[in-house]
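Here are the chains, one letter per residue:
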Number of protein chains: 2
Amino acid sequence: MLDALALPPLGHLDPAFGEVMEEVAELLRATFRTANRTAFPVSATGSGGMQTMVDNLVRPGDRVLCGVHGLFGERMADALARRGADVVRIEAEWGRAIPTERLVEAAREPFAVLFVVHGETSTGVAQPLDALAEACAQHGALLFVDCVTSLAGHPLDLDSAGVDAAFSGSQKCLNCPPGLAPFTANDRALERMQGSPSWYFDLPLILHYWQADGARAYHHTAPTNMVVALREALAIVQEEGLDARWARHAKAHEALRSALRQLGFERIAPEGEELYPLLAVRLPDGVDDVTVRGALLAEHGIEVAGGQGPFAGQAWRIGVMGEGARAPVQERLVRAIARELNTDATVALDALHDGWS
Amino acid sequence: MLDALALPPLGHLDPAFGEVMEEVAELLRATFRTANRTAFPVSATGSGGMQTMVDNLVRPGDRVLCGVHGLFGERMADALARRGADVVRIEAEWGRAIPTERLVEAAREPFAVLFVVHGETSTGVAQPLDALAEACAQHGALLFVDCVTSLAGHPLDLDSAGVDAAFSGSQKCLNCPPGLAPFTANDRALERMQGSPSWYFDLPLILHYWQADGARAYHHTAPTNMVVALREALAIVQEEGLDARWARHAKAHEALRSALRQLGFERIAPEGEELYPLLAVRLPDGVDDVTVRGALLAEHGIEVAGGQGPFAGQAWRIGVMGEGARAPVQERLVRAIARELNTDATVALDALHDGWS
């Protein structure tokens with residue numbers, strides 16, 4: 001896939017690139033599990049997908065119920081406020097999913113959009129989507145979802161869940177470098193388009209390029225190398241199969257969780273709320289966050305993300321994504337952590353191998 | 001440079017990537033010829049640099065003089081209007097520079113910002129920047145410039161020209177794949193920052209990551225592979241030297257111009273208004289735009305861009321950028337065009353070689 005990134009650049013209006021674009025759209029539909037015609041990568045990182053959603057599918061004054069149970073819900077609330085939406089925060093403590101009944105309760109009064117983060121990367125929590133589409137339907141409201149970290153790593157079927165628009169990122173479970181934000185929206189959502197405040201993220205203009213009936217109309221120069229790499233990454237996902245890929249991520253998550261538990265790390269997310277692609281664990285007493293993470297990077301070339309928000313300095317966020325969700329990668333990690341904690345890795349490695357067997 | 005793109009991804013908070021970021025900032029300063037502290041690539045294509053400028057450095061109600069003499073001036077006028085600016089269009093016909101006296105005349109009344117496109121990619125015209133900073137100074141106004149196509153291919157010295165903020169694109173004369181928008185602004189311009197309507201392009205948040213005094217604060221995941229590739233591309237520019245690079249582009253432009261004149265193509269830009277990196281030429285009578293451009297791509301693997309706006313179907317826009325501004329590349333192009341026009345290439349090739357000798 002990195003090889004694909006380095007192929008000689010294709011012109012962004014070259015018909016050969018047009019074929020790549022069609023393939024990417026089709027592969028994205030399969031990965032999002034949607035029949036939406038509109039499925040393309042925004043030319044920006046994951047948060048550019050969020051911005052595209054907010055700029056085009058939310059109108060000033062819209063009452064938007066915004067789930068906030070971590071950094072990415074906060075981010076969306078911020079973006080919505082900048083758009084002039086009437087933001088109603090539906091919160092849960094960091095490290096927990098928002099109870100479905102709380103969201104359904106908030107949806108009793110009329111509103112325009114309900115937004116939730118499916119995979120909260122800041123806490124490693126998956127937000128259930130059940131019953132949300134029904135809660136929206138009674139007001140003709142739309143259901144929007146951030147699936148940056150969950151897409152292709154955690155079970156998600158956009159059309160079955162009744163999601164109207166969603167965005168993701170290329171660098172998580174799709175296993176592609178960062179730089180593109182897969183995006184999809186159905187016709188109901190697209191009917192809301194009117195006057196994006198941003199020229200760069202203007203969806204009608206972008207769709208004249210990505211979704212042309214005749215000639216593709218130039219909007220901006222698409223990052224062609226990245227799009228070619230994304231096609232390759234998406235093809236690999238389809239080759240494995242989404243269900244098999246989800247199962248692999250589930251197994252990898254559980255295996256690593258039991259291994260790290262042996263080293264004193266406990267998962268933040270309670271049973272049933274875990275996000276397979278991201279294992280967030282509390283540090284055992286006496287383990288210094290910066291020192292040990294620094295050593296993992298410097299001595300072992302392994303990057304572990306630190307805690308965010310209330311978990312800063314107290315938790316690690318470990319990716320279990322794409323090719324990282326494999327036993328040999330995890331074994332290397334477990335050995336390295338044990339080494340830096342000056343402890344024996346045997347029991348933890350046994351737990352890891354049990355998890356994979 | 002394509003090899004650099006395909007190096008294993010660095011984490012966006014990895015200290016090793018932090019060093020890359022510092023090098024990129026320093027190399028951008030040298031390439032823009034500016035002492036501005038703020039110099040970084042926006043995580044989007046060139047127009048994302050424009051959007052960053054508009055969202056952060058223009059305020060609703062600002063009177064903005066916007067030079068419009070091609071597609072990219074039109075684009076800026078559109079973006080400014082979406083921002084709620086009071087846009088005053090200073091126009092010239094497509095294919096000509098805007099007379100300096102017209103801009104200076106318009107600057108008599110108070111205004112907040114003057115924006116011009118230094119290299120108009122739609123017409124191959126370079127806009128002189130002389131006297132514009134002085135015209136701005138009398139009102140304490142700012143001078144903003146689009147140098148997407150001109151940076152590192154056409155003489156440009158931001159600080160000498162008194163430019164307060166500018167944006168470019170990675171894929172033109174920097175010879176890097178598309179996906180990043182080099183951006184710079186001085187302190188005077190940054191003082192105007194207040195409440196970006198866009199979360200993604202929010203400059204204060206981005207600068208907490210790119211320009212941290214202490215720890216880099218996470219905003220969005222930087223497209224690390226692209227940034228590594230950009231560093232490589234910028235280092236190549238510095239190795240050649242900006243003055244030598246400009247001179248090479250000037251020579252390449254003139255050589256190709258004389259060669260194509262022998263085949264019946266006349267440059268649109270009059271003498272003295274040409275943009276070295278982009279040669280826009282009128283098609284000779286009897287040459288069918290789509291047929292011949294299609295054959296150049298299909299038979300010779302050479303992509304020539306079509307005319308835009310009033311020049312659609314009537315002109316070609318030929319890149320003379322980066323590694324494309326070399327004699328062997330141009331020779332291949334001249335041979336291919338002659339072949340598709342069923343004419344002899346000898347005289348044109350002689351003109352080309354004379355231009356390079």
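Caption draft 1: How the structure looks around unusual backbone geometry. Residue and element names in this part refer to chain A. Positive phi, normally seen in glycine, also occurs at Asn-175, with a value near 65 degrees. With respect to the helices and strands, Asn-175 occurs in the loop between β8 (165-167) and β9 (181-185). A positive phi angle is found at Asn-342, which is not glycine, with a value near 55 degrees. Along the chain, the position of Asn-342 falls in the loop between α13 (327-340) and α14 (346-356). C-beta crowding within 10 Å serves as the criterion here: with 6 such atoms nearby, Asn-342 is assigned to the exposed category.

Caption draft 2: Fine view of the packing of helix α11 (residues 242-262) of chain A against α14 of chain A. All names here are of chain A. Put simply, α11 and α14 touch, their axes get as near as 8 Å, and they point 160 degrees apart. Considering the angle they form, α11 stands roughly antiparallel to α14. Judged by the twist between their axes, the crossing of α11 over α14 is right-handed. Contacts between α11 and α14 pair Lys-251, Glu-254, Ala-255, Leu-256, Ser-258, Ala-259 and Gln-262 from the former with Val-347, Ala-348, Leu-349, Ala-351, Leu-352, Gly-355 and Trp-356 from the latter. Of the residues that constitute the contact of α11 with α14, the class distribution is nine nonpolar, three polar and two charged.

Caption draft 3: Region of interest: the domain arrangement of chain A. All names here are of chain A. Looking at chain A, the domain boundaries give domain 1 (2-240) and domain 2 (242-356). Sorting the residues of the side of domain 1 that touches domain 2 by element identifies β5 (119-120), β6 (125-126) and α10 (224-240) as the ones contributing at least two each. Class assignment for the residues of the side of domain 1 that touches domain 2 results in ten nonpolar, 13 polar and four charged.

Caption draft 4: Geometry of helix α13 (residues 327-340) of chain B. All names here are of chain B. With 14 residues, α13 should reach 20 Å at 1.5 Å per residue; the first-to-last C-alpha distance of 20 Å fits that figure. Those residues of α13 hidden inside the fold are in contact with α11 (242-262), α12 (289-300) and α14 (346-356). Just downstream of α13 lies Asn-342, where phi reads positive at about 55 degrees.

Caption draft 5: Main features of the packing of α12 of chain B against α13 of chain B. Residue and element names in this part refer to chain B. Where α12 meets α13, the axes come as close as 10 Å, and the angle between the chain directions of the two elements is 120 degrees. Here α12 is positioned oblique relative to α13, judged by the angle of their axes. In this structure, α12 crosses over α13, and the sense of that crossing is right-handed. Within the contact between the two elements, α12 uses Val-292, Ala-295, Leu-296 and His-300 and α13 uses Ala-336, Ile-337 and Glu-340. Among the residues forming the contact of α12 with α13, the class breakdown is five nonpolar, one polar and one charged.

Caption draft 6: Quick look at the interface of chain A and chain B. Contact residues are listed per partner, giving 36 residues for chain A and 36 residues for chain B. The set of elements that each furnish at least two residues to the side of chain A that touches chain B consists of α1 (2-5), α3 (46-57), α4 (71-82) and α10 of chain A. A per-class count over the side of chain A that touches chain B returns 15 nonpolar, 15 polar and six charged.

Caption draft 7: A look at the pairing of strand β3 (residues 86-91) of chain B. All names here are of chain B. In this sheet, β3 lies alongside strand β2 (residues 63-68) in parallel orientation, the contact comprising six bridges. Residue pairing in the sheet places Cys-66 in a bridge with Arg-89 of β3. Following the chain from β2 across helix α4 (residues 71-82) to the adjacent parallel β3, one finds a crossover that is right-handed.

Caption draft 8: Structural view of the environment of Ser-170 of chain A. Residues and elements named next belong to chain A. Residue placement: Ser-170 occurs in the loop between β8 and β9. Take Ser-170: there are 28 C-beta atoms within 10 Å of it, and that puts it in the buried class. Taking C-alpha positions, Ser-170 is 20 Å from Val-329, a pair spaced 159 residues apart along the chain. Excluding residues within four positions of it along the chain, Ser-170 makes contact with Pro-41, Cys-176, Pro-177, Pro-178, Gly-179, Leu-180, Pro-182 and Leu-230.

Thresholds, definitions, all that
- Residues numbered from 1 in each chain as written.
- Chains lettered and ligands numbered in written order.
- Predicted model: local features only at pLDDT ≥ 70, side-chain atom pairs only at ≥ 80, totals over all residues.
- Helix = DSSP H or I, 4+ residues; strand = E, 2+ residues; numbered from the N terminus.
- Buried ≥ 20, exposed ≤ 12 C-beta atoms within 10 Å, placed from the backbone.
- Axes fitted to C-alpha atoms, helices over the stretch in contact; angles between N-to-C directions.
- Parallel < 35°, antiparallel > 145°, perpendicular 65-115°, else oblique.
- Left-handed = near helix turned anticlockwise from the far one by under 90°.
- Contact = placed C-beta atoms within 7 Å.
- Nonpolar A, V, L, I, M, F, W, Y, C, P; charged D, E, K, R; others polar.
- Domains from an automatic or database assignment.
- Expected span 1.5 Å × (residues − 1).
- Pairing = 2+ DSSP bridges.
- Right-handed = clockwise from strand over helix to strand, strands pointing away.

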